[in-house]
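Read off the chains here:
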Protein chains: 2
Amino acid sequence: MGSEHTAKAFDTDLQELTRLVAEMGGIAERMIVDSVDALIRRDVTLGQRVVATDAELDTLQKRIEERAVLTIARRQPMAVDLREIVGAMRVATDLERIGDLAKNMGKRVAALETDFHPLKLFRGLEHMTDLVQQQVKSVLDAYAAHDLPAAMAVWKGDEEVDAICTSLFRELLTYMMEDQRNISFCIHLMFCAKNIERIGDHATNIAETVFYMIEGQAITDKRPKGDMTTFATTVPNT
Amino acid sequence: MGSEHTAKAFDTDLQELTRLVAEMGGIAERMIVDSVDALIRRDVTLGQRVVATDAELDTLQKRIEERAVLTIARRQPMAVDLREIVGAMRVATDLERIGDLAKNMGKRVAALETDFHPLKLFRGLEHMTDLVQQQVKSVLDAYAAHDLPAAMAVWKGDEEVDAICTSLFRELLTYMMEDQRNISFCIHLMFCAKNIERIGDHATNIAETVFYMIEGQAITDKRPKGDMTTFATTVPNT
């Protein structure tokens, strides 16, 4: 009876943790979309709302950590149960970082409020954002459903995002070279592109956490890496 | 006797955790210094060494998390003891992120291998790095010594770093406007400056963890925020 009670109490604790992670995931996804929308539509109010929302994610992350630690202390879970708790903590940490990166983009909206605002420069960023948002959504679904193949698809798909980021950097650099009025605008977009790319990295971290939860060990394969943005900015010099 | 045994076992576990955090701290500090040294001296080998070292930090962070979780499950610590364990996990997460940021700078060394390499542009970055490295060192000492006033000094000192970063952005932007050959070089330095600033943010996170460990609650004061880099890039347009 005692251990049955403990098992039931553990399940309740775990459900609550999973619910909190899903709540964080919903907020983080919204922040990604809103921050890029705010940039494109020069919507300073929306940008500020993204900045303000970040505090919710921080609070939720701390609450998840707190509950996870109490669950470990009270229920002393082993093996797969323990990995579920550690997994929830890890995913919460990645979602909190995603929020920070979206917040940074939200802050840039006010800085971009100039008349000079070529919409075509946003296309690459929009495309990247669509891809990354889909990855975040897919990996959170995979986490909730314990779907390892779906998580691994996200893990492998990161290469495409990195490649788009690299080509976007090249394009932005060309605009900067062409006309110095483009410079400050393009720098902001470069930082935003890098933020989106980093959000993609956090999606792959979450995929690795799903692997760890299900397989009981860290993933050992080298992740495909298409990111060449640290080199992209030197190309047009040649 | 039983509880005395548990207390002793807990102390041993905690000492091991603290030792591992100190080990991570030493590696992270070295990575900060080496990455900026590599940039300034165009030392690609040193840059690559920084990139390679990051894996050590990742491994240590996972080991700290694993040991922390086992300690919580086995010893069921309460109150201040529990906060010590959670604190070790949080500091390890920040140090792992610091490593990622230094690694990103290490990667940029190879991209900066051009003949055009104005040393004066590095001065601001060097100054920022000295300050931030000092902050990381001080806050890790404060963590090890449970020195709340020392941690709070780091927490408040972040403003200066942010102000230097903002003025460095303005300076770099001016060079970009002057001569388009400076553009790609200055973009790299901007990303590096932003990385250094973010390392400073992690130092303040660690200061907040020290506060939480000692005071048993989250810090509520608003941290002074001098970072205006998201605005700095628009100024020379006026």
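I will try to describe carefully the structure that is included in this document. Note that the structure is predicted; figures quoted are calculated from it, not measured.

Counting residues at the interface gives 40 residues for chain B and 40 residues for chain A. Summing the contributions of chain B and of chain A, the shared interface buries around 3800 Å²; its carbon and sulfur component is 63%. Inspection of the region where chain B meets chain A yields 2 salt bridges. The salt bridge involving Glu 65 of chain B is made with Arg 90 of chain A; its shortest N-O contact spans 2.4 Å.

Grouped burial of nonpolar side chains is what soluble globular proteins tend to show. Counting 163 residues, the largest nonpolar core has Leu 95, Leu 125 and Met 176 of chain A together with Leu 95, Leu 125 and Met 176 of chain B as the members making the most contacts within it. The residues touching Met 176 of chain A, leaving out its near neighbours within four places in the chain, are Asn 182, Ile 183, Cys 186, Ile 187 and Met 190 of chain A together with Met 176, Ile 183 and Ile 187 of chain B.

A few words now on the packing of helix H3 (residues 79-111) of chain B against helix H4 (residues 122-145) of chain B. Between two packed helices, both the angle of their axes relative to each other and the distance between the axes serve to describe the pair. Residues and elements named next belong to chain B. Two elements in contact, H3 and H4, have axes whose closest approach is 12 Å; the angle formed by their N-to-C orientations is 165°. Between H3 and H4, the angle is such that the two are roughly antiparallel. Pair H3 / H4 crosses with left-handed handedness. Residues Gly 87, Ala 88, Val 91, Leu 95 and Ile 98 of H3 touch H4, and the partners they reach there are Val 136, Leu 140 and Tyr 143. Residue composition of the contact of H3 with H4, grouped by class: 7 nonpolar, 1 polar and no charged.

Right, let's talk about unusual backbone geometry for a bit. The residue Gln 76 of chain A is not glycine, and still its phi comes out positive at about 40°. Mapping Gln 76 of chain A onto the fold places it in the loop between helix H2 (44-75) and helix H3 (79-111). Non-glycine residue His 146 of chain B carries a positive phi angle of around 50°. Structurally, His 146 of chain B is set in the loop between H4 and helix H5 (148-178). For His 146 of chain B, a relative accessible area of 37% translates into the label partly exposed.

This part takes up the relation of the copies chain B and chain A. Mapping chain B onto chain A calls for a screw motion: a turn of 180° about the axis and a shift of 0.0 Å along it, with 0.0 Å RMSD after fitting. The symmetry that links the two subunits is that of a two-fold axis. Residues of chain B ranked by C-alpha distance from the rotation axis are headed by Ala 73 of chain B, positioned 2.5 Å from it. Here 100% of the contact residues of chain B are again contact residues in chain A; the copies associate through an equivalent surface.

Thresholds, definitions, all that
- Residues numbered from 1 in each chain as written.
- Chains lettered and ligands numbered in written order.
- Predicted model: local features only at pLDDT ≥ 70, side-chain atom pairs only at ≥ 80, totals over all residues.
- Heavy atoms only, no water.
- Contact = heavy atoms within 4.5 Å.
- Buried area = accessible area lost by both parts, 1.4 Å probe.
- Salt bridge = Lys/Arg side-chain N within 4 Å of Asp/Glu carboxyl O.
- Core = buried A, V, L, I, M, F, W, Y, C linked by side-chain atoms within 4.5 Å.
- Buried < 20%, exposed > 50% of the residue type's maximum accessible area, 1.4 Å probe, protein only.
- Axes fitted to C-alpha atoms, helices over the stretch in contact; angles between N-to-C directions.
- Helix = DSSP H or I, 4+ residues; strand = E, 2+ residues; numbered from the N terminus.
- Parallel < 35°, antiparallel > 145°, perpendicular 65-115°, else oblique.
- Left-handed = near helix turned anticlockwise from the far one by under 90°.
- Nonpolar A, V, L, I, M, F, W, Y, C, P; charged D, E, K, R; others polar.
- Least-squares fit on C-alpha atoms with pLDDT ≥ 70 in both.

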